[in-house]
Amino acid sequence: MTRSEPTVTARVFTIPNLLSALRIAFIPVFVWLIVDRDTTFAGLVVFGAVLATDWVDGAIARATGQVSELGKVLDPVSDRLAIGAGLVALVVRDAFPLWAALLVLVRDGAILVAGLAVLWARGIRIEVRYLGKVATFGIAVAIGLVAWGSLGYALAAAALALGWTTFAVAILESYVAAALYVGDVRASWASEG
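Residues numbered from 1 in each chain as written. Predicted model: local features only at pLDDT ≥ 70, side-chain atom pairs only at ≥ 80, totals over all residues. Heavy atoms only, no water.

K.L.:
Explain the packing of aromatic side chains to me, please; I cannot follow it from the model alone.
P.N.:
Across all of its chains, the model carries 8 aromatic pairs by this definition. For the pair Phe41 and Tyr153, a centre-to-centre distance of 5.5 Å together with 90 degrees between the ring planes defines the contact as edge-to-face. With a gap of 112 residues between them, Phe41 in helix α3 (residues 40–64) and Tyr153 in the loop between α6 (130–150) and α7 (156–192) connect regions that are remote in the sequence. Arranged with centres 5.5 Å apart and planes meeting at 10 degrees, the rings of Trp99 and Trp164 form a pair that is stacked. A residue pair is termed long-range when its members are at least 10 positions apart, and Trp99 in helix α5 (residues 98–121) and Trp164 in helix α7 qualify at 65 residues. Judged by relative accessible area, Trp164 falls into the partly exposed class, the value being 28%. (Phe/Tyr/Trp six-rings, centres within 6.5 Å; stacked < 30°, edge-to-face > 60°. Helix = DSSP H or I, 4+ residues; strand = E, 2+ residues; numbered from the N terminus. Buried < 20%, exposed > 50% of the residue type's maximum accessible area, 1.4 Å probe, protein only.)

K.L.:
Mind showing me how you'd approach the side chain of Ser20 here?
P.N.:
Note that Ser20 resides in helix α1 (residues 15–25). The class of Ser20 is buried, set by a relative accessible area of 1%. Among all residues touching Ser20, those that are not within four sequence positions of it are Asp57, Leu74, Asp75 and Ser78. (Contact = heavy atoms within 4.5 Å.)

K.L.:
How should the confidence of the model for the chain be read in this particular structure?
P.N.:
Averaged over the chain, the pLDDT score is 86; the fraction of residues at 70 or greater is 88%. For the chain, α5 is the element with the lowest average pLDDT, namely 82, and helix α2 (residues 27–35) is the one with the highest, namely 97. (pLDDT = per-residue confidence, 0-100.)

K.L.:
Hey, could you run me through the packing of α2 against α3 in this one?
P.N.:
The relative placement of two packed helices comes down to the angle between their axes together with the axis-to-axis distance. Close contact between α2 and α3 brings their axes to 6 Å; oriented N to C, the two are set at 150 degrees. By the criterion of interaxial angle, the relationship of α2 to α3 is roughly antiparallel. Seen along the crossing, α2 lies across α3 with a hand that is left-handed. Between α2 and α3, the residues in contact are Val29, Phe30, Leu33 and Ile34 and Thr40, Ala42, Gly43, Leu44, Val46, Phe47 and Val50, respectively. Residue composition of the contact of α2 with α3, grouped by class: 9 nonpolar, 2 polar and no charged. (Axes fitted to C-alpha atoms, helices over the stretch in contact; angles between N-to-C directions. Parallel < 35°, antiparallel > 145°, perpendicular 65-115°, else oblique. Left-handed = near helix turned anticlockwise from the far one by under 90°. Nonpolar A, V, L, I, M, F, W, Y, C, P; charged D, E, K, R; others polar.)

K.L.:
Help me out: how do you make sense of the environment of Leu180 in this one?
P.N.:
Examined against the element boundaries, Leu180 turns out to sit in helix α7. In the structure, Leu180 is positioned 51 residues away from Arg129 in sequence and 8.6 Å away in space, judged by C-alpha atoms. Discounting chain neighbours no more than four positions away, the residues touching Leu180 are Arg129 and Leu131.

K.L.:
Teacher, can you tell me more about the pattern of salt bridges here?
P.N.:
Any two side chains of opposite charge can pair, so long as their charged atoms come close to each other. Summed over all chains, the structure comprises 5 salt bridges. A salt bridge links Asp79 to Arg23; the nearest nitrogen and oxygen atoms lie 3.1 Å apart. You can see Asp79 sitting in helix α4 (residues 69–92) and its partner Arg23 sitting in helix α1, a full 56 residues away along the chain. For the salt bridge of Asp108 with Arg80, the shortest nitrogen-to-oxygen distance reads 3.6 Å. In this pair, Asp108 is assigned in helix α5 and Arg80 in helix α4, connecting sequence segments 28 residues apart. Residue Asp108 is classed as buried on the basis of its relative accessible area of 6%. Salt bridges sharing common partners tie together Arg23, Asp75 and Asp79. (Salt bridge = Lys/Arg side-chain N within 4 Å of Asp/Glu carboxyl O.)

What follows is the structure, given as structure tokens:
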């Protein structure tokens, strides 16, 4: 069974694009809240809400026919920026280890550079893979759980155990997805030549 691809529009002003833009706008808010010891809990809640809009905007886009060319770029860029900023804030707050943050940041940085510089300059756009979406979701959940447990909130030990297990699976998925994207890029370049 194959599922049909949604119709893609050139519209800029759509609800999903607004949600992606709001994700970017809220980055300074949750970063500031996380690094301040008095508001870290509120920062985690805002960070989680911002990351949750990723799944909401995609569902709205598909359900309402608002899948747009801008959204296909803005959505993953806003995700990478929000996750990256949250990780940096959590590392500064000593709620997430630097080595684990770097596993995410290095991969996401490489994807952003390749996606925006190389592929865009050549007019190639690679579709987001389902595995990449699952990995992003797993990483977001893992970051929240590890930070929650590291900060000693309720059920800290359980949050840490579940968080690190989820992180291990999701980071593996994210690097496998990255390797698949490299294959997609090569195939696109070969079809151009």
